[in-house]
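Observations on chain architecture
Here are the chains, one letter per residue:
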Amino acid sequence: MSLRVAVLISGSGSNLQALLDACGQGEKSGNVNARIVGVLSNRAEAFGLERAKRAGVPTAIVANADFASRAEFDAAMTPIIDAWQPDVVLLAGFMRILTPEFVQHYQDRLLNIHPSLLPAHKGLDTHARAIAAGDSYHGCSVHYVSAELDGGPVVAQARLRIQSGDTAESLAQRVHALEHRLYPQVLSWLAEGRLSCQANQPVFDQQPVSAPQLLT
Ligand code: GRF
């Protein structure tokens, strides 16, 4: 049985594409034993929806603008996602803050990718902030989602050294390339049963995770 995966997006969906490719549902013949069973976007114009359709994956649009509150928006998403019966739900460029109720509903099976070396630079504009802070290293993180924004336990990171000529744009590009390797890697660990989470505590190879795995 392959792992059932729902993906939530808001935009281009290049991370979604990397995940589809890893599962052999995209343009490349990946061999991760997982299946993207549904893609939900909060924006109708998100290009990621097109990527999902090309791969023959069911899509749904739940436009946050149609809802009066965050709670109502989240409550509208839940039955759609649940109907796909996902083992895990991956946020891939999903630009909405989630309610504690939503996070609780998917506890231990909700992950996110964030373009910084968490806990550094939570939130937006991470590349410019890494440069402004004079950081030597930057990169991306995959973490289980907790109610605190970008605050759940980090399970894996990929790093790069900031070069003297780097701009926010060049860093964004280089980090994106790392994201496209990191998320499929984490997905393969989930599919192989090497990574799981129990009561908000990630477990990797039977050991509680105390520090992120580094992508080599
Ligand atoms: C990525 O940088 C992700 O880390 C961030 O939003 C971006 C989404 O890019 N949360 P894409 O839609 O996967 O191309």
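Here's what I pulled together on the structure shown here. (Residues numbered from 1 in each chain as written. Predicted model: local features only at pLDDT ≥ 70, side-chain atom pairs only at ≥ 80, totals over all residues. Heavy atoms only, no water.)

**Looking at the overall build of the protein chain**
The condition that has to hold: Each helix is a run of H or I in the DSSP string that is no shorter than four residues. Each strand is a run of E no shorter than two, and both are numbered from the N terminus. We call two residues in contact whenever any of their non-hydrogen atoms come within 4.5 Å of each other. Computed by Shrake-Rupley with a 1.4 Å probe, the accessible areas treat only the displayed protein chains as cover when residues are assessed. Residues scored as positive are Lys and Arg, those scored as negative are Asp and Glu, and His as well as the terminal groups of each chain are ignored. A single reference atom marks each charge: NZ on Lys, CZ on Arg, CG on Asp, CD on Glu.
What the protein chain contains, in helices and strands, is 6 helices and 11 strands. Overall, the C-alpha framework of the protein chain stretches about 45 × 40 × 35 Å when taken along its three principal axes. At a minimum sequence separation of 6, the contacts of the protein chain that also span at least 24 residues come to 62%. Split by element, the accessible area of the protein chain, about 10200 Å² in all, is 50% carbon and sulfur. The protein chain carries 17 positive and 20 negative side-chain charges, and their two centres are separated by 5 Å.

**Re the site of the ligand**
Quick reminder of the rule: The cutoff for a nearby residue is simple: one of its non-hydrogen atoms must lie within 4 Å of the molecule or strand. Contacts described as polar in this section are N or O atom pairs within 3.5 Å, which, within protein, must combine one atom able to donate a hydrogen with one able to accept it, while residues neighboring in sequence count only if both atoms come from side chains. Definitions used for this entry: grid spacing 1 Å over protein atoms alone; cavity, a set of points where a 1.4 Å probe fits but cannot get out; pocket, an open set with protein on both sides within 12 Å along at least 5 of 7 lines; lining residue, one with an atom within 4 Å of a point. Any molecule with more than half of its atoms within 2 Å of a cavity's or pocket's grid points is counted as sitting in it. Here the nonpolar group is Ala, Val, Leu, Ile, Met, Phe, Trp, Tyr, Cys and Pro; Asp, Glu, Lys and Arg are the charged ones; every other residue, Gly included, is treated as polar.
In the neighbourhood of the ligand, the contacting residues comprise Ser 12, Gly 13, Ser 14, Asn 15, Gly 93, Ile 113, Pro 115, His 176 and Glu 179. In this structure, an oxygen atom belonging to the ligand sits 2.8 Å away from a main-chain N or O atom of Asn 15. Cavity membership is defined here by more than half of the atoms lying within 2 Å of grid points; on that basis the ligand lies in the largest pocket. Breaking the shell around the ligand down by element, the ones donating at least two residues are α1 (14-22) and α6 (168-191). Counted by class, the shell around the ligand contains 2 nonpolar, 6 polar and 1 charged residues.

**Side note on the sheet that holds strand β2 (residues 34-41)**
Strand pairing in a sheet takes place through backbone hydrogen bonds and is either antiparallel or parallel in direction. We count it as follows: We treat two strands as partners when DSSP finds at least two bridges between them. Angles run from 0 to 180 degrees between N-to-C directions of axes, and those axes are lines fitted to C-alpha atoms, restricted for helices to the stretch in contact.
Read from one edge of the open sheet, 8 strands run β3-β2-β1-β4-β5-β6-β7-β11, paired in mixed fashion. The open sheet has two free edges, formed respectively by β3 (59-61) and β11 (213-214), since each of these has just one partner strand. The pairing of strand β1 (residues 3-9) with β2 spans 7 bridges and is parallel. Bridge assignment links Leu 3 to a residue of β2, and that residue is Ala 34. Helix α2 (residues 47-54) contacts β1, β2 and β3 of the sheet and is inclined by roughly 155° relative to β3.

**Observations regarding the sheet that holds strand β8 (residues 195-198)**
Here we have 3 strands laid out as an open sheet, ordered β8-β9-β10, and antiparallel in their pairing. Because the sheet does not close on itself, it has two edges, and the strands there are β8 and β10 (207-208).

**Considering the packing of α1 against α6**
Stated precisely, the cut-off is as follows: Any angle that is under 35 degrees is reported as roughly parallel, and any over 145 degrees as roughly antiparallel; angles of 65 to 115 degrees are reported as roughly perpendicular and all others as oblique. Crossings are sorted by hand: turned counterclockwise from the far helix by less than a right angle, the near helix makes the crossing left-handed, and turned clockwise it makes it right-handed.
Taken N-terminus to C-terminus, the directions of α1 and α6 make an angle of 45°; their axes are 9 Å apart at the nearest point. In terms of axis orientation, α1 runs oblique to α6. As α1 packs across α6, the resulting crossing turns out to be right-handed. Between α1, through Ser 14, Asn 15, Ala 18, Leu 19 and Ala 22, and α6, the contact on the second element is made entirely by His 176, Glu 179, His 180, Tyr 183, Pro 184 and Leu 187. A class-by-class count of the residues in the contact of α1 with α6 yields 6 nonpolar, 4 polar and 1 charged.

**Describing α2**
As a reminder, the rule being used: The buried label goes to any residue with under 20% of its type's maximum accessible area, the exposed label to any with over 50%, and the partly exposed label to all in between, with areas taken from a 1.4 Å probe on protein chains only. As used here, the arc belongs to the directions running from the helix axis to the C-beta atoms.
Where α2 is concerned, the buried positions are Gly 48, Leu 49, Arg 51 and Ala 52. All buried residues of α2 fall inside an arc of 160° around its axis, so they share one side. Of the surrounding elements, those touching the buried residues of α2 are β1, α1, β2 and β3. Remark: Gly 56 follows α2 within two positions and exhibits a positive phi of approximately 75°.

**Here's the deal with the side chain of Ser 41**
Among the secondary structure elements, Ser 41 is positioned in strand β2. Judged by relative accessible area, which is 0%, Ser 41 ranks as buried. Filtering out sequence-adjacent residues up to four positions away, Ser 41 remains in contact with Ile 9, Ser 10, Ala 46, Leu 49, Ala 60, Ile 61 and Val 62.

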